[in-house]
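Secondary and tertiary structure notes
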Amino acid sequence: MSIFTPTNQIRLTNVAIVRMKRAGKRFEIACYKNKVMSWRNGAEKDLDEVLQTHTVFTNVSKGQVAKKEDCVAAFQTDNLTDICKQILAKGELQVSDKERHAQLEQMFRDIATIVVEKCVNPETKRPYTVNLIERAMKDVHYSVKANKSTKQQALEVIRLLKESMQIERAHMRLRLRIPIKDGKRLKEKLKPLIKVMESEEFAEDLDVVCLIDPGCFREIDELIRHETKGKASLEVLSLKEVEEGDEKLE
Amino acid sequence: MGHTNLANIVDLQKNTANIRNICIVAHVDHGKTTLADSLIASNGIISNRLAGKLRYMDSREDEQIRGITMKSSSISLHFNTDNQEYLINMIDSPGHVDFSSEVSTAVRVCDGAVVVVDVVEGVCPQTQAVLRQAWLENISPVLVINKIDRLIIELKLTPFEAYIHLQKILEQVNAVTGSLFTSKVLEERAEMDVTPDPSSDSKTSGQIYDWSAGLEETDDSHLYFAPEQGNVVFGSAIDGWGFRIEQFVQMYSEKVGIKAEVLLKTLWGDYYLNTKAKKIMKGAQSKGKKPLFVQLVLENIWSLYEAVVVRSCQLLQQKSALGDKEKINKIVNSLGLSILPRDSRHTDPRVHLNAICTQWLPISQAVLSMVCHKLPSPLDITEERVEKLMCVRSRRFDSLPAQTQVLKQAFLECKSDETAPVIVFICKMFAVDPKGIPQNKPRPLTQEEIAQRREQARKRLAEKLANQGQQSGENAEISATNSRGGSTRDIQVPSQMEQAGLNVYQQESEQRDHFIAFARVYSGTIRRGQKLFVLGPKYDPSEALAKLPENYSPDDEVLIPHLSCCTVEDLYLLMGKELEEVQEVPVGNVLGIGGLEDHVLKSATLSTSPLCPPFTPLNVEATPIVRVAVEPKHPSEMPQLVRGMKLLNQADPCVEVLVQETGEHVLITAGEVHLQRCLDDLRERFAKIEISSSAPIVPFRETIIRPPKVDMVNEDMGTQQKVAVIHQKKEDQSKYPEGVSVDSDGLVTLNTPNKLSTISVRAMPLPESVTQLLEENSDLIRAMELFNLSVKEGREAQEINLTTLEAIKTFKQKLEENFVGRKWRNAVNQISSFGPRRYGPNILLNGLKNYDRPSVWQCLDKNSRDSGAYRDFDNSIISGFQLATLSGPICEEPLMGVCFILEKWDMSNKVRQFVQSSTEEQASKPEVQQEITAKENSLTDLKPILEITKQQNGRTESSQTPAKSSDDGKYNSEMVLTDCYGPFSGQLIATMKEACRFAFQAKPQRLMAAMYTCEIMATAEVLGRVYAVLSKRAGRVLQEEMKEGTEMFIIKAVLPVAESFGFADEIRKRTSGQASPQLVFSHWEVIPSDPYWVPTTEEEYLHFGEKADTVNQAHKYMNTVRKRKGLYVEEKIVEHAEKQRTLSKNK
């Protein structure tokens, strides 16, 4: 029995292990760190830059190589490179620090971009810049959750940012046409949902152009559908109400 | 000369003939401010010893720290000569290129310019620039050759060498004026082909140009600087001495016994003194004799320096400074000066020297007397200059209204009496510290004021007592009767509130920066409380003439663009950073006007007559080119930033601020130093918040092109064999997800998620001319779109006016002309939308044979309006197209120049049934029915067969029920269409968008970069470096030509906006300021390289290697944009697997 001493201790450095269970057996391959994710999303195209060796192991750290018959039983092939590719694509691995960092950073940017796209400065009706939003997100100490969608998180961020700065969802401009008999009744119900009433005409129909918060769209849509049984129409005039063009400050 | 007091100056202001308005201009660091210091010292405002060190005119902190002047500021000086008292309004101007706008403002209000040239450095780029500006404004210059001490102490030249050097400098300066003159003459000749007045005296012109016709006939001798004419001062501002040769002539004519006139002519030039014959002879150089100037002037100065500075330095090292004292004393005595023992005992010999020199040859005397004698007074304003001021070059003076032309007389007369119209030009606004305003300054109280205050205090006390009494009484009352007490309190409370409000207001006004207009009176007398018209730069007097009644006074209210009225509130005398309040300012003076911040933005004209034309805009040499985006450190401080930027814009003539569509606040400045100053100003003065600045966001466009015929190494594509690429298979499969079928021709077919509809779209590049047409006519398209929308809603559309209609017609015609070729046949009539935002440079064509969609051109002829009807969900298709064009697949930037053709659009029976059922009731629209292709059936065997059939079963059930009860049914069928994938219209939008995107991707994609055209003026010697900078930044030179009459080249180039950050600065640095670019946005240009390109052929491998990441500019741009937006960037986290740091830190 060997004694565990510093001299005979072999450390696996620069190795990331990708594991996979198939046919009741465990298969492992030895890869380089920070490379597996790049391979999976297509950035790395050279297999030799990903794999340390084309051998398939049952336990990398002990150096136990998988038996050939096990491989064939599990993967229906004895081509080790093909098996490695399969394991690479579907196996489980521990995400390394740099990979995680890169991923979080990208998500952070993505969230900021979504916020910028959805929001405006209510005073000027102009969007904020991504940089500014990123700084604001850091100011409120927002931490990105890797397992939540960026869109969901962006909505959360907007809510948080509202407390510290002037920011609002960009309004949506809608045109509603409601038959006259439902008009009055519906108008009361719509009122709390509408931010700004731009124009209102009572002719044969109630014709309303208004700005709403995009979060209320579904609610309004449903309300109108149900209440008028489809007789009313709803049209989106613009998805995002922002100032256009450059403006000289004077 | 003692301290000049205010009353004295006010008196002097009235004597117009003795006013001189001058500005000091030069290259940076040639000693303008130092010279100004010596002049100020002569008025006793600062001490003689501090002159040159204090830099009185540099009142800003950063000016003092950096040692450069950043703004022009004015001071009024008093000067006595020939028993005449003069008032000199001197303006010190900055020399740095970035602030040349300040020079233009200074030059505008002056009649003369003092050009300072460093004798060692000679004529520098800015010297040329300021001479040009003085020339353009028609003001007369005089020359000061400065820093002659450097020739003695640093360069250690002999007097004779120094003389040669001085001659050279003078020649250089005259060459510049000469070239300005020639270019003007040539221009005039070209313009009207009339030779200028011939003149006999062309002594000096002959030696410079003997080659071009017309030039030698024009007299230009008065333009040049010549010591014998008395318009050159030699001197050293730091040591406080300076002279004109007149001074030495006076000195020597008695001593040597030569007539003063003769000596004056010969002292400067190739003459020498023949001591034996006691005669002045010509040809000193050829005979190897000392010229007169060396013998009589320079040698004296040299010996003084020798004695005081050079020798004493040497002696200081030998620790005995005694031997020299005698010699110095001898010189001092022979000059008849008396030096204070304090100065002569000073250890620094420069102080000693300074003391001697300022007494012997005071520079202020030399410069100011030259100014008084050689420069014109406001009375001498020339007709030519007046005309230039009153109307822009492109307009002829005669074209102004007659009444306006009469005003010219007022300019020329320059009268200050009541009858003369008041004309004041404001050339800039500047902000001053509220503490600097005289009203806010603490000053000793007069006796009356003290009495008044005492009275007030007493009153207050009495009130207080009374109040107390009342209140106590009140309290008693309240206890007795509640109602009355309440009412008295009501009265009291508002008065308190009022007071609080007043306090707040006062505080606010104290914090707010005061803007003072820097102005000059050209006619009449401006008084406090006077009502004047404020004429903006774009004001047109003829307009006013038409609208205004006779004898219109500023009190009436008529709305005319760019015209407003104001009451003059405060008038100031400008004394550096000090301001002195005055009651009135007569003609010809420079002054500050307070309280105009709401009326004047940057420059304006004030007048009692609305007929006065606004002054021509300033000849600004530097246009703002350095763009940065600024934002507050804390997002909540946005309003402060916006306010601050507005103030900055007002305070600086050469700044532009704007908000871009992306929400960025962009600051455009003249240069890097200017930018620094603006940011400092924003931080500390105007916004008072922390600010960060960065490179502004650069927009891109995405487009497609026709498949290229050659690859990156110019080989024919077809014949090349592709090398087996390691990663090819990965690419191909990732490009299109399942469910998308793309044929070889780029036709993309896609189903909606619920498989009820199929869309086929093809993308084509638009001809370039069409894209351009669409760009130019976006307004027309918008008008059309508005019209179509209202027609679609069935409302009676508002009529488009005839001119627009005509414009639309020609637009359509032009489009038809530009759509050439078979594939574009009838394309114009098939257009169903423009995008993005319904007016962009992309087109959606309706290629459906069986869908007769109403044309977008229906506003043109009204009969065709009934030809077709919109199909259901047409709106969704259009919306999908709009979304697709708004953000493309390369990096989510808008598309440009892409045409999408909708070739197939099928909807299943179910949808149609539903639609029918809902329209049955209304039964109004003639529904254009559409056959269903077999495609729909084949859909079902695609993927989750089971599910679909289930769903369809469900659907058929529910969609059959509505037929029974129509009212309920509609609601139900609506529900059908909103299945698990959301409403059908939404699905269609998404599908259309996706289809467009894939169709786009099926073609060779390219990025388009915004391009600047860039015009660069450069001299021949720096041409090479300009080219180097341009090519480094991926610029392309379009043309290069020499400017006639000068040695300047004009280069026209295009440069991607993305590469322009820091471009101006780099080009200035590399050419040491000899070339300055002007950038203007011009067009969009396709970047030739494919952003996704990787080398595939053998040759490409050879050329670029496997990765080829260095060459692909488009790829670089794409990745930066993607990174900024947080999109996916195809980038490895680590480049080389083996080269990672493998050990963690604690092992």
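Check the entry above for the structure.
Attention here is on the structure that accompanies the text. (Residues numbered from 1 in each chain as written. Chains lettered and ligands numbered in written order. Predicted model: local features only at pLDDT ≥ 70, side-chain atom pairs only at ≥ 80, totals over all residues. Heavy atoms only, no water.)

Let's talk about the pairing of strand 6 (residues 232–236) of chain B
Residue and element names in this part refer to chain B. Quick reminder of the rule: Partly exposed residues are those whose accessible area sits between 20% and 50% of the maximum for their type, while under 20% is buried and over 50% is exposed, using a 1.4 Å probe and protein chains only. Where helices and strands are cited, they refer to DSSP runs of H or I of at least four residues and of E of at least two residues respectively, numbered from the N terminus. Pairing between strands is defined by DSSP: at least two bridges between them are needed.
Counting buried positions along strand 6 yields five of five residues, so the element is predominantly enclosed. The alternating pattern of strand 6 places Val-232, Phe-234 and Ser-236 and Val-233 and Gly-235 on opposite faces, both of which are buried. Bridge analysis of strand 5 (residues 140–146) against strand 6 gives three bridges, and the strand direction is parallel. Counted as the bridge partner of Leu-143 is Val-232 from strand 6. Pairing analysis gives three bridges linking strand 6 to strand 7 (residues 241–243), with the strands arranged antiparallel. Pairing of Ser-236 across the sheet is with Trp-241, part of strand 7. Here strand 6 hands over to strand 7 after four residues, with Gly-240 in that stretch at a positive phi of 80 degrees.

Here's the deal with the nonpolar core
Residue and element names in this part refer to chain B. Keep this limit in mind: By convention a nonpolar core is built from buried Ala, Val, Leu, Ile, Met, Phe, Trp, Tyr and Cys residues, the set being connected through side-chain atoms within 4.5 Å. Pairs of residues are marked as contacts when any of their non-hydrogen atoms sit within 4.5 Å.
Core analysis: the largest hydrophobic core is formed by 146 residues, its most contacted members being Met-90, Ile-526, Ile-593, Leu-667, Phe-900, Trp-905 and Ile-1016. Of all the elements, strand 31 (residues 1005–1019) adds the most residues to this core, at nine residues. Discounting residues that sit within four places of it in the chain, Phe-900 has contacts with Val-761, Arg-762, Ala-763, Ile-843, Leu-844, Leu-845, Phe-881, Thr-885, Leu-895, Cys-996, Ala-999 and Phe-1000. Residues Leu-131, Leu-267, Trp-302 and Ile-560 belong to the second largest nonpolar core, which totals 102 residues.

Description of the interface of chain B and chain A
Threshold: Salt bridge, as used here: a side-chain nitrogen of Lys or Arg that lies within 4 Å of a carboxyl oxygen of Asp or Glu. Pairing of N or O atoms within 3.5 Å defines a polar contact, subject to two protein rules: one partner must be a possible hydrogen donor and the other a possible acceptor, and residues neighboring in sequence count only if both atoms are side-chain atoms. Residues are grouped as follows: Ala, Val, Leu, Ile, Met, Phe, Trp, Tyr, Cys and Pro are nonpolar; Asp, Glu, Lys and Arg are charged; all remaining types, including Gly, are polar.
Taken together, the 61 residues of chain B in the interface contact 55 residues of chain A. The interface formed by chain B and chain A includes one salt bridge. With a shortest N-O distance of 3.4 Å, Glu-631 of chain B and Arg-135 of chain A are connected by a salt bridge. Between the two partners, chain B and chain A, sit ten residue pairs in polar contact (both at pLDDT 80 or more). Looking at the side of chain B that touches chain A, the elements with two or more residues in it are strand 20 (626–632), helix 22 (638–651), strand 21 (656–659), strand 23 (691–694), helix 24 (728–735), helix 29 (874–886), helix 33 (966–977) and helix 38 (1113–1125) of chain B. The element best represented in the side of chain B that touches chain A is helix 22 of chain B, accounting for six residues. Residue classes in the side of chain B that touches chain A are distributed as 21 nonpolar, 15 polar and 25 charged.

Thoughts on the pairing of strand 20 of chain B
Residue and element names in this part refer to chain B. Buried residues dominate strand 20, accounting for six of its seven residues. Bridge count between strand 20 and strand 23: four bridges; the pairing is antiparallel. Looking at strand 23, one finds that Pro-632 is bridged to Ile-691.

Section: the packing of helix 17 (residues 383–390) of chain B against helix 18 (residues 402–413) of chain B
Residues and elements named next belong to chain B. Note the cut-off: Every axis in this analysis is a line fitted to C-alpha atoms, fitted for helices over the stretch in contact. Angles between the N-to-C directions lie between 0 and 180 degrees. Roughly parallel means an angle under 35 degrees; roughly antiparallel, over 145; roughly perpendicular, 65 to 115; everything else is oblique. Left-handed describes a crossing in which the near helix is turned anticlockwise from the far one by less than a right angle; the clockwise case is right-handed.
Running from amino to carboxyl end, helix 17 crosses helix 18 at an angle of 130 degrees, the nearest separation of the two axes being 10 Å. The angle between helix 17 and helix 18 falls in the class oblique. In the crossing of helix 17 with helix 18, the sense of the turn from one axis to the other is right-handed. Within the contact between the two elements, helix 17 uses Glu-383, Val-386, Glu-387 and Met-390 and helix 18 uses Thr-404, Leu-407, Lys-408, Phe-411 and Leu-412. Within the contact of helix 17 with helix 18, the residues separate by chemical class into five nonpolar, one polar and three charged.

Concerning the packing of aromatic side chains
Residues and elements named next belong to chain B. Threshold: Pairs were defined over the aromatic rings of Phe, Tyr and Trp, the Trp ring being its six-membered one, requiring ring centres within 6.5 Å. Orientation was assigned from the angle between planes: stacked under 30 degrees, edge-to-face over 60, tilted for the rest. Whether a charge sits over a ring depends on NZ of Lys or CZ of Arg being within 6 Å of the ring centre and within 35 degrees of the ring normal.
Scanning the model with the defined rule gives 23 aromatic pairs over all chains in all. On the numbers, 6.3 Å between centres and 65 degrees between planes, the contact of Trp-241 with Tyr-305 is edge-to-face. Taken together, the residues Trp-241 in strand 7 and Tyr-305 in helix 12 (residues 292–317) connect sequence positions 64 residues apart. There is no split in this pair, since Trp-241 and Tyr-305 are both buried. For the ring pair Phe-411 and Tyr-522, a centre distance of 5.8 Å and an interplane angle of 55 degrees mean the geometry is tilted. Here the residue Phe-411 occupies a position in helix 18, and Tyr-522 occupies one in strand 11 (residues 514–523), the gap between them amounting to 111 residues. Residue Phe-411 is classed as buried on the basis of its relative accessible area of 1%. Grouping aromatic residues by their ring pairs yields a cluster made of Tyr-163, Phe-234, Trp-241, Phe-243, Phe-248, Tyr-252, Trp-268, Phe-293, Tyr-305 and Trp-360. For the cation-ring pair, Lys-428 lies above Phe-518, with the distance from its terminal atom to the ring centre recorded as 5.4 Å. Here the basic side chain of Arg-782 rests over the ring of Tyr-839, its NZ or CZ set 4.0 Å away from the ring centre.

Coordinates in, geometry out; function isn't part of it.
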